[in-house]
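Read off the chains here:
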Amino acid sequence: GLTPEMLPMVINACLAKGSSAMEKKQTIVRNINAMHSFGCMDVLCMDKTGTVTGDKIVLEYYMDILGNECRKTLDFAYLNSIYTTSVKNHLDDAIINGFESAFSVSEEYIKTDELPFDYERKISSVLVHHNNENLMIVKGSVEEVCKRCKYAVYKDRLTEISDDMSESVGAVVNELYDDGMKVLAVAYKQTTDKILNKSDETDLILLGYLAFFDAPKKTASAAIEKLKTCHVAVKVLTGDSIGTSVSVCKRLGISTQNALTGSQLDAMSPDEMAVAVEETALFAEILPRQKAEIIGILQNNGHTTGFLGDGMNDLPAMTKADVGISVDTSADAIRESADVILLKKDLNVLEQGITEGRKAFANMSKYINHSIALLLAVALGGSCSNDDDDKNALTVSGIMDGHEYVDLGLPNGICWATYNVGANSITEYGDFFAWGETTPNDDYSWDSYKFVYS
């Protein structure tokens, strides 16, 4: 019989056809089964940087604690970026490549130790030797750096941070967030230590800030609207600050009404999180493990999930999602774990991939329905043939006598029977229709009937 022997071949043929169609759209489907998940996907989670925003970040401002231009902030940030041995990110590239005039600074400062960036601390520290003294330079998240600072320097004057100063500093940073800027803080302190420990990252001196412009992609807003028309919910999962993320998402038409941070998620119970992930479209300041947790909760809620990302911090979520999507310029580990790779950074291809996946599913469903109708015909002792007028129908020859009919006023000689695929049986006699010159409740015999499936 056609079922189930031919089913694996038909499924693979449908998925392969969809994969071939996506290749013409500059998209590589590495896992053929991903075509089915692509079509079934109803929630797409994505990182912000490099996906809905451009992959080239520009350093716009380097400033002191009150927003005035400060070259020392840039020099110290450069030393931190050039000497760190952890994986370089877009922000480090913007600092190193954007200002070549700062390159001479490294000749005067010799690196002796470092504490690389990690997603728990959200900062990186380097220890350099200069003029017979050791200097620890810290760069990272504004919130994480500032809470480690006891002092601030302004116009070469060292001042202990007071509540009033904290408010002034916060106002400068919030203004940058409202403009959609990514902001990093830079701090330092002199030390006699030659080896760094995490416990040394206290009592720092706040020096200033770096502001980066991360513009949304021109195609992002239209692509997100197309996904919505496909009934695919879009959620942004990012480690960036809540202020920056809200500003960017508003420009793209993504709801920020119930935006949550990683610390707020950690404070929730499992039941509260199950509800929150359904109602929230923006998750900011979250850790890589939290991205994977959100994907898992959505799956437990019955969703088929996709994740689009390009950074190493996206790897846990990429492997957890039903379909992982990345770009050809992402890290090697990300490309290896992705099911789908976009050769062109155009989000519109996602909507096309969903359409192709749904076509593949529809073709598989047609085969299954067609096979069920055939097996039913054999069970009824008849034979079958394709209907030339309706390709989604099968005409079955046989004898069925004594059933009630309803006169529909349609042409003579055609008898319809609706087959209920979900119940795996023909529906009630009331769903059998015949028509002709006779009247209702008369016995009527016909030589053929048609199964219609869609």
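Higher on the page you've got the structure.
First things first, this report covers the structure right here in the doc.

The rules behind these values
Residues numbered from 1 in each chain as written. Predicted model: local features only at pLDDT ≥ 70, side-chain atom pairs only at ≥ 80, totals over all residues. Heavy atoms only, no water. Phe/Tyr/Trp six-rings, centres within 6.5 Å; stacked < 30°, edge-to-face > 60°. Helix = DSSP H or I, 4+ residues; strand = E, 2+ residues; numbered from the N terminus. Buried < 20%, exposed > 50% of the residue type's maximum accessible area, 1.4 Å probe, protein only.

Right, let's talk about the packing of aromatic side chains for a bit. Aromatic ring pairs: the centre-centre distance and the angle between the two ring planes describe each pair. Counted under the stated rule, the structure contains 3 aromatic pairs. Note on Phe-76 and Tyr-188: the rings are 5.5 Å apart at their centroids and 90° apart in plane angle, and the pair reads as edge-to-face. Taken together, the residues Phe-76 in helix H4 (residues 71–83) and Tyr-188 in strand E9 (residues 181–191) connect sequence positions 112 residues apart. Since its relative accessible area comes to 11%, Tyr-188 is described here as buried. Measuring from centroid to centroid gives 5.2 Å for Phe-117 and Tyr-119, while their planes differ by 85°, and the two rings are edge-to-face. What makes Phe-117 partly exposed here is its relative accessible area of 33%. Clustering of aromatic rings is evident, with ring pairs tying together Phe-76, Tyr-109 and Tyr-188.

Let's shift gears to the environment of Val-234. Here Val-234 lies in strand E11 (residues 233–237). As for Val-234 and Cys-45, which are separated by 189 residues in sequence, their C-alpha atoms are 5.9 Å apart.

On to unusual backbone geometry, then. A positive phi angle, close to 60°, is found at His-231, a residue other than glycine. Residue placement: His-231 occurs in the loop between helix H8 (220–229) and E11. Residues other than glycine seldom take positive phi values, yet Glu-285 does so here, at roughly 55°. For Glu-285, the location among the structural elements is in the loop between strand E13 (282–284) and helix H12 (288–300).

Bear in mind that shape data such as this cannot, by itself, settle questions of function.
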